[in-house]
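Close look at the chain arrangement
The residues making up each chain are set out below.
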Amino acid sequence: MDAPETNGFVFENRTSLNDQRLRDMCVHAVSPWRLGRLEVRVRYSRGADFSGTCYYNEGRIFVNLGRHLQYPYRMGTHIARSVSNRDGWWKPIYTIDLADGYQVVLFVFLHECFHWLVKRARKNPRQKESMCDRFATRILVEQHGMTVRDPDGCALPREAWDFQDVEGFISPLLRKSTAQPPRPHAALVPRPRPRPQQQLLLFDL
């Protein structure tokens, strides 16, 4: 199908999700930011629950959605504070329950979009996975009323996970007509760290 240009980026959907609804969700979520020339392609994965890739040189984001997913889908995030002891450190997995494929695609798109915005802001894009998750989670919580839960399934107060100024990190790309990006109201499973082309992958193929 044709891939129309939408508010600065080209959007193409090759899944059975409704084109207009999916496009509108993504456009609305990133409307405060100057994305520049960007292509977004949504398609089905080859077996993984989901994955995402941001190609900086080409200005292209791919979002892959598993056909087999059942909803609500429990998404694990890396938004928790680090916990340490004498043996090392780790992050508890905080989760949000996503209602449908639209929300899964939106989360992955926002994660990859933050990578893209960091690069456009001329910041170091390495080791930004927690910030990418926090950017995506904030928007889903604000716009879709998600609840963040700890590993035991208990709802968490916002201050437990929203402690970093991720928007400030990319503030040079904030549209001048927007005083501040949307602030969330006040919740993904672990995945490998992305390689240089920044791939988000929750489950191994």
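The paragraphs below set out a description of the structure included in this document. (Residues numbered from 1 in each chain as written. Predicted model: local features only at pLDDT ≥ 70, side-chain atom pairs only at ≥ 80, totals over all residues. Heavy atoms only, no water.)

Here we take up the pattern of salt bridges. Taken as a whole, this structure holds nine salt bridges when the rule is applied. Note that Glu39 is salt-bridged to Arg41, the shortest N-O span being 2.6 Å. Arg41 shares its class with Glu39; the two are buried. Where salt bridges share partners, they join Glu12, Arg14, Glu39, Arg41 and Arg60 into one cluster. (Salt bridge = Lys/Arg side-chain N within 4 Å of Asp/Glu carboxyl O. Buried < 20%, exposed > 50% of the residue type's maximum accessible area, 1.4 Å probe, protein only.)

In this model, Tyr71 is joined to Pro72 through a cis peptide bond whose omega is 0 degrees. Among the secondary structure elements, Pro72 is positioned in the loop between strand S5 (60-65) and strand S6 (73-77). Phi is positive for Arg122, close to 65 degrees, though the residue is something other than glycine. With respect to the helices and strands, Arg122 occurs in the loop between helix H2 (101-120) and helix H3 (129-144). For Arg122, a relative accessible area of 81% gives the class exposed. (Helix = DSSP H or I, 4+ residues; strand = E, 2+ residues; numbered from the N terminus.)

This part is about the pairing of strand S9 (residues 94-98). Where burial is concerned, most of S9 is hidden: four out of the five residues are buried. As defined by bridge partners, S6 adjoins S9 across five bridges and the pair is classed as antiparallel. Its bridge partner being in S9, Thr77 is matched across the sheet by Tyr94. (Pairing = 2+ DSSP bridges.)

Attention now moves to a positive patch on the surface. Together, Arg34, Arg120, Arg175 and Lys176 give the surface a local cluster of positive charge. With respect to the element layout, Lys176 can be found in the loop between helix H4 (166-169) and strand S10 (199-201). Looking at Lys176, the relative accessible area reads 87%, which means it is exposed. (Patch = residues over 30% accessible without salt bridge, like charges linked within 9 Å, V, L, I, M, F, W, Y side chains within 5 Å. Areas by Shrake-Rupley, 256 points an atom, 1.4 Å probe, with all protein chains shown as cover. Lys, Arg positive; Asp, Glu negative; His and termini not counted. Charge placed at Lys NZ, Arg CZ, Asp CG, Glu CD.)

Another aspect to go through is the packing of aromatic side chains. Tallied over the full model, the rule gives four aromatic pairs. Ring geometry for Phe114 against Phe135: centres 5.0 Å apart, planes inclined by 40 degrees, an arrangement best described as tilted. Here Phe114 is found in helix H2, whereas its partner Phe135 is found in helix H3, with 21 residues between them in sequence. For Phe135, a relative accessible area of 0% puts it in the buried group. For Arg81, the ring lying beneath its charged end belongs to Phe163, and the centroid distance is 3.9 Å. Geometry around Phe163 places Arg134 over its ring, the cationic atom sitting 4.4 Å from the centre. (Phe/Tyr/Trp six-rings, centres within 6.5 Å; stacked < 30°, edge-to-face > 60°. Lys NZ or Arg CZ within 6 Å of the ring centre and 35° of its normal.)

With that settled, the discussion passes to helix H1 (residues 19-29). Spacing of three or four residues puts side chains on the same side of an α-helix, whose turn is 3.6 residues. Residues of H1 that are buried: Leu22, Arg23, Met25, Cys26, Val27 and Ala29. For H1, the N-terminal capping position is held by Asn18, with its side-chain oxygen 3.1 Å away from the main-chain nitrogen of Gln20. (Polar contact = N/O pair within 3.5 Å; in protein donor to acceptor, adjacent residues only side chain to side chain.)

Before going further, it helps to spend a moment on the packing of H1 against H2. H2 packs onto H1 with a crossing angle of 35 degrees between their chain directions and a minimal axis gap of 10 Å. The crossing of H1 and H2 is right-handed. Packed against H1, whose contacting residues are Arg21, Leu22, Met25, Cys26 and Ala29, the element H2 presents Tyr102, Gln103, Val105, Leu106, Phe109 and Leu110 at the interface. Looking at side-chain class alone, the contact of H1 with H2 contains nine nonpolar, one polar and one charged residues. (Axes fitted to C-alpha atoms, helices over the stretch in contact; angles between N-to-C directions. Left-handed = near helix turned anticlockwise from the far one by under 90°. Contact = heavy atoms within 4.5 Å. Nonpolar A, V, L, I, M, F, W, Y, C, P; charged D, E, K, R; others polar.)

The values reported here are purely geometric and, on their own, carry no functional implication.
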